[in-house]
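For reference, the chains in residue letters:
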Amino acid sequence: MGLTPVDDRIEAILSKYDLWEPDQYRAAVSELAVYLLTLTKNELESSLYHTRIKEKIHLENCLMRSDEFQGSGD
């Protein structure tokens, strides 16, 4: 169960599908996209999913910069 109604709805959508099956994965992405398009910016940014994705992107960017920095000394 998520922390916000948005998180709860995302969990409900994802739990309906077997995400390892390509057709079901596509259906889940489609349903999730339709739902996300109905949200306001505030609703979306207050969700736990948004926070986790934002943190993951930040960490990946930091790692890429670190790799680039380490590689530039050669």
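Reference entry: report on the structure contained in this document. (Residues numbered from 1 in each chain as written. Predicted model: local features only at pLDDT ≥ 70, side-chain atom pairs only at ≥ 80, totals over all residues. Heavy atoms only, no water.)

Regarding the side chain of Ser-47
With respect to the secondary-structure elements, Ser-47 resides in the loop between helix 3 (41-45) and helix 4 (48-71). From its side chain, Ser-47 meets the backbone nitrogen of His-50 in a polar contact 3.1 Å long. Excluding residues that lie within four positions of it along the chain, Ser-47 makes contacts with Thr-4, Val-6 and Asp-7. (Helix = DSSP H or I, 4+ residues; strand = E, 2+ residues; numbered from the N terminus. Polar contact = N/O pair within 3.5 Å; in protein donor to acceptor, adjacent residues only side chain to side chain. Contact = heavy atoms within 4.5 Å.)

Looking at a nonpolar patch on the surface
A cluster of nonpolar side chains, Leu-19, Tyr-25 and Val-29, forms an exposed patch at the surface whose accessible area comes to about 260 Å². With a relative accessible area of 37%, Leu-19 lands in the partly exposed category. (Patch = residues over 30% accessible without salt bridge, like charges linked within 9 Å, V, L, I, M, F, W, Y side chains within 5 Å. Areas by Shrake-Rupley, 256 points an atom, 1.4 Å probe, with all protein chains shown as cover. Salt bridge = Lys/Arg side-chain N within 4 Å of Asp/Glu carboxyl O. Buried < 20%, exposed > 50% of the residue type's maximum accessible area, 1.4 Å probe, protein only.)

Some words on the nonpolar core
Val-6, Ile-10, Ile-13, Leu-32, Tyr-35, Leu-39 and Tyr-49 together form the largest nonpolar core, which totals seven residues. Counting only elements with at least two residues in this core, the list comes to helix 1 (5-15) and helix 2 (22-37). Here this core takes three residues from helix 1, the largest share from any one element. Residues in contact with Leu-39, not counting those within four places in the same chain, are Val-6 and Leu-44. (Core = buried A, V, L, I, M, F, W, Y, C linked by side-chain atoms within 4.5 Å.)

Considering the pattern of salt bridges
The tally for this structure, following the rule as stated, stands at four salt bridges. The closest approach of N and O atoms between Glu-31 and Lys-16, which form a salt bridge, is 2.9 Å. Of the two residues, Glu-31 is situated in helix 2 and Lys-16 in the loop between helix 1 and helix 2; the sequence distance between them amounts to 15 residues. Connected via shared salt-bridge partners are Arg-9, Lys-16 and Glu-31.

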